[in-house]
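Structural characterization, general
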Amino acid sequence: MFGIWFERPKYWNKVFRSHSLYIHKLVKGFQDVRICRLNFNNVRDSVRGIIHANNPNLFPLGPNFASVNDLLRTLLVEQIPAGWLMCPICHTRLAIDHGNSIHFDILPGTGRSTVEWVNSLFSIDNPPVCQECNVAFDEPIHLSKIPHIVTFDISSLSSRFIISTKIKLLKNTRNTILKIYFGNNHFVMRMFDCNGNVWFHDGQGNSGIIIKECYTIDNMNLNKCQGKLASILIYGH
Ligand SMILES: [Zn+2]
């Protein structure tokens, strides 16, 4: 989260304010990390205590197997607003309540890539017909508000699943940041910032410091890192 926040602190301060109190506190801690008043462990522990107090079963203290996806769902609570289909001729709108949150669980056999999966989720097979014009509504679901952040649990997929660096669900893909977590219990992370830089983090290696990698996205296998398969994707913009 620090990597995403650090790109545009003022912007993300405002965005995260509409999420949970936990992320609000986390972001306040990031400001202290930036001026070296606290380190990451101090900040993590301060938020972890509150999360544990409110959800002791999901997030026990000490070394444990708490789910990172549960953590994301607890920290980030934005909903994707209901959308609409549009008639290609008279532009009449037909409201569609797709009911999606910003957290997606991709199951095997539901798409070959993040792009294909998102497209299938936000388009309708056999769309209804506009009564006025007698033509089918356009298939893609239009959204009034684009989410700032979306997450994907891809932990049950194989290495053949194609991870895209940008997805259509985010309106302005120019500033898209992609974070990929690899592994199951011990995670390592890669982050692709909006300037095309690649960052790597392993909480147990490099003294916990995020290091810049000498790669570009173009020649990188996004699915694997240090022998571990990608399991969680976070897109922010
Ligand atoms: Zn029409």
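Read on for an overview of the structure. On a predicted model such as this, the values are computed, not experimentally measured, just so you know. (Residues numbered from 1 in each chain as written. Predicted model: local features only at pLDDT ≥ 70, side-chain atom pairs only at ≥ 80, totals over all residues. Heavy atoms only, no water.)

**A few points about the pattern of salt bridges**
If you walk through the whole model with that rule in mind, you get 4 salt bridges. Where Glu78 meets Lys145, a salt bridge forms, and the shortest distance between an N and an O atom there is 3.5 Å. Here Glu78 is found in the loop between α5 (68-75) and β1 (83-86), whereas its partner Lys145 is found in the loop between β4 (142-143) and β5 (149-153), with 67 residues between them in sequence. The exposure class of Glu78 is buried, given its relative accessible area of 9%. The residue Arg190 makes a salt bridge to Glu213 at a minimum N-O spacing of 2.6 Å. With Arg190 in strand β7 (residues 188-192) and Glu213 in strand β9 (residues 211-213), this residue pair connects regions lying 23 residues apart in the sequence. For Arg190, a relative accessible area of 9% translates into the label buried. Since its relative accessible area comes to 16%, Glu213 is described here as buried. (Salt bridge = Lys/Arg side-chain N within 4 Å of Asp/Glu carboxyl O. Helix = DSSP H or I, 4+ residues; strand = E, 2+ residues; numbered from the N terminus. Buried < 20%, exposed > 50% of the residue type's maximum accessible area, 1.4 Å probe, protein only.)

**What about the packing of aromatic side chains?**
Under the criterion given, the structure shown has 11 aromatic pairs. Measuring from ring centre to ring centre gives 5.6 Å for Phe152 and Tyr235, while their planes differ by 85°; the resulting arrangement is edge-to-face. Of this pair, Phe152 sits in strand β5 while Tyr235 sits in strand β11 (residues 228-236), and the two are 83 residues apart along the sequence. Feature note: the residues Phe2, Trp5, Phe6 and Phe30 constitute an aromatic cluster, connected by ring pairs. The ring of Tyr11 carries the charged tip of Arg8 above its face, separated from the ring centre by 4.0 Å. Here Arg93 stacks its cationic end above the ring of Trp84, 3.8 Å away from the centre of that ring. (Phe/Tyr/Trp six-rings, centres within 6.5 Å; stacked < 30°, edge-to-face > 60°. Lys NZ or Arg CZ within 6 Å of the ring centre and 35° of its normal.)

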